[in-house]
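So the chains spell out like this:
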Amino acid sequence: MAEAAALLGKPIAERIRSRILAETPPGLRPCLAVVVASDDAAVARYAAAKQRTADALGLGFRVETVDPAGGQAALDARLAALSADPGVHGILLELPLAAGLDADVAVRQLDPLKDVDGLTPHNLGLIAAGREADALLPATPDACIRLAGTAADLKGARAVVVGRGRAVGRALAPMLVNRDATVTVCHSRTRDLAAAVAAADIVFVATGRPGLVTGTMARPGQVVVDAGISVVDGRVVGDVDADSVRPVVAALTPVPGGVGPLTATLIFANLLRAMELQRRAGRNVR
Ligand code: NAP
């Protein structure tokens, strides 16, 4: 039986990187500040990966480490200071935060025009209102949509989004509606996940639960996008049981190699867009 096509993030990411290199305004060095408020080794790895991308693109980059022992006030103060700093054009708060820190509270300090991962209610609200042209789009949902779009037409398609979390599902669902998909959202209280997955043409999974979607739920012809990232026995895995799903469906994003590499690049595309939105808002961007 034919195996699913592998939807790889790197080729799309490379095209976007070329565009970023071509479109970076001469004489300006856009700067991204990545805020790390966690002792989680994975979070430090995410920040280091972005540093490498920034270096490759010749863009400015700062890691802002906030000691979780300083509590919510220290994190909020750092985000407020970066929001006010004219030398910083984009801010990314690495999630998850250390226990005891509240991301909902923290993002209130984020300038929406520097919010390069579309976490603020301002950007989510614009998306929900169908005004993506004015918003900074969250990078992971954007990556999921771009990858799915290489294998399927979203318009009119039945899409299922498994997970309604902050980083992915929450914004992905309205972004799919904006692209004329017919969208079902599943979460931990969904009664029949298998039926919802089987009914879809395009399946998006973002739960952080390895192996949640299996071959018995999948259907021939489906396009499956796996945004999950977990480490199991030292290996990075997604939420889809790739070994059982791959022989059934038409296309699948591998983990690693699918959504992740594209997400990392889209953050920097958003950095340029953030500068443009700041300029349009009348700020003196330098
Ligand atoms: P999250 O906030 O961790 O929430 C997880 C979601 O999964 C929740 O909506 C939860 O439902 C749902 N869920 C949990 N168990 C489930 C089950 N058995 N059946 C159906 N739904 C279930 O989510 P997130 O922050 O959006 O992150 C999701 C995943 O994406 C994580 O693995 C994260 O590491 C990954 N991620 C990847 C990238 C990338 O570049 N590829 C970037 C960011 C995040 P409830 O709402 O009912 O609790």
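Note that the structure is predicted; figures quoted are calculated from it, not measured.

Calculation rules
Per chain, residues are indexed from 1 in the order of the written sequence. Note on the predicted model: pLDDT of at least 70 is required for a residue's local features to be given, and 80 or more for side-chain atom pairs to be given and counted; whole-chain, interface and lining totals, by contrast, use all residues. Side-chain descriptors were evaluated using all non-hydrogen atoms of the structure, hydrogens and water having been removed beforehand. Numbered from the N terminus, helices here are DSSP runs of H or I no shorter than four residues, and strands are runs of E no shorter than two. Each radius of gyration reported is based on C-alpha atoms, and the globular scaling rule is 2.2 Å times the count of residues to the power 0.38. Note on classification: 1.4 Å probe, protein chains only; a residue is buried when its accessible area is under 20% of the maximum for its type, exposed when over 50%, partly exposed between these limits. For the accessible areas, the method is Shrake-Rupley and the probe is 1.4 Å, while residue cover comes only from the protein chains on display. UniProt positions are given in the numbering used here, feature names are shortened, and annotations may be inferred rather than shown by experiment. Contacts between residues were defined by any pair of non-hydrogen atoms, one from each residue, lying within 4.5 Å. Note on geometry: axes are C-alpha line fits, over the in-contact stretch for helices, and angles between N-to-C directions span 0 to 180 degrees. The scheme is simple: roughly parallel for angles under 35 degrees, roughly antiparallel for over 145, roughly perpendicular for 65 to 115, oblique for anything else. Neighbouring residues are identified by heavy atoms, a residue being near a molecule or strand if any of them is within 4 Å of it. Think of a polar contact as two N or O atoms within 3.5 Å of one another; within protein, one of them needs to be a possible hydrogen donor and the other a possible acceptor, and neighboring residues in sequence only count if both atoms come from side chains. Residues are grouped as follows: nonpolar covers Ala, Val, Leu, Ile, Met, Phe, Trp, Tyr, Cys and Pro; charged covers Asp, Glu, Lys and Arg; every other residue, Gly included, is treated as polar. One less than the number of residues in a helix, times 1.5 Å, gives the span that helix is expected to have. An automatic or database domain assignment is the source of the domain bounds shown.

**Q** Go over the overall build of the protein chain with me, naming the residues and quoting the values.
**A** Regarding its fold elements, the protein chain presents 10 helices and 11 strands. Over its C-alpha trace the protein chain gives a radius of gyration of 19 Å, about what one expects of a compact globule, namely 19 Å for 286 residues. If one aligns the C-alpha atoms of the protein chain with their principal axes, the spans along those axes are about 55 × 40 × 35 Å. Split into buried and exposed, the 286 residues of the protein chain put 49% on the buried side. Carbon and sulfur atoms make up 53% of the accessible area of the protein chain, which amounts to about 12800 Å² in all.

**Q** Would you mind going over the UniProt feature "binding site: NADP(+)" (unreviewed entry) in the protein chain in detail, with residue names and values included?
**A** Those residues carrying the UniProt feature "binding site: NADP(+)" (unreviewed entry) are Gly 163, Arg 164, Gly 165 and Ile 229 in this numbering. Tracing the backbone through its elements, the reader meets Gly 165 in the loop between strand E5 (158-162) and helix H7 (169-178). Given a relative accessible area of 33%, Gly 165 falls into the partly exposed group. Along the polypeptide, Ile 229 turns up in the loop between strand E8 (223-226) and strand E9 (230-232). With residues up to four places along the chain from it excluded, the contact list for Ile 229 reads Tyr 46, Val 236 and Val 237.

**Q** Lay out the packing of helix H5 (residues 121-128) against H7 in plain terms, naming residues and giving numbers.
**A** Contact pair H5 / H7: the axes reach a minimum separation of 9 Å and the direction vectors enclose 30°. It follows that H5 is roughly parallel to H7 by the angle criterion. When H5 is examined against H7, the residues Leu 124, Ile 127 and Ala 128 are found in contact with a partner set consisting of Arg 170, Ala 171, Pro 174, Met 175 and Asn 178.

**Q** Quick one: what's the story with the site of the ligand, residue by residue and with numbers?
**A** Near the ligand lie 21 residues; those nearest to it are Thr 140, Arg 164, Val 168, Ser 188 and Ala 227. At 3.0 Å, a backbone N or O of Val 168 approaches an oxygen atom of the ligand. A distance of 2.6 Å is found between an oxygen atom of the ligand and a side-chain nitrogen or oxygen belonging to Ser 188. Protein coverage of the free-state accessible area of the ligand, which is 930 Å², stands at 72%. In terms of residues, the shell around the ligand owes the most to one element, helix H10 (residues 259-280), which gives 3 residues. Taken together, the residues of the shell around the ligand break down into 8 nonpolar, 10 polar and 3 charged.

**Q** How would you summarise unusual backbone geometry if you had to cite specific residues and measurements?
**A** The step from Leu 95 to Pro 96 runs through a cis peptide bond, and the omega angle for that step is 0°. When you line up the elements, Pro 96 lands in the loop between strand E4 (90-93) and helix H4 (103-106). Of the consecutive residues Val 255 and Pro 256, the connecting peptide bond is found in the cis state with omega at 0°. Structurally, the position occupied by Pro 256 is in the loop between strand E11 (251-252) and H10. We note that Asp 180 has phi near 70°; this positive angle belongs to a residue other than glycine.

**Q** Explain H10 to me, using residue names and the numbers behind them.
**A** When the terminal C-alpha atoms of H10 are compared, their 30 Å separation across 22 residues agrees well with the 32 Å that a helix rising 1.5 Å per residue should span. Of all the 22 residues making up H10, 16 are buried; the element is thus mostly covered by neighbouring parts of the structure. With its phi angle positive at about 90°, Gly 282 sits one or two positions after the end of H10.

**Q** How would you explain the domain arrangement of the protein chain if you had to name every residue and give the values?
**A** The domain boundaries assigned to the protein chain delineate domain 1 (29-112) and domain 2 (138-261). Measuring from the centre of the C-alpha atoms in domain 1 to the corresponding centre in domain 2 gives 27 Å.

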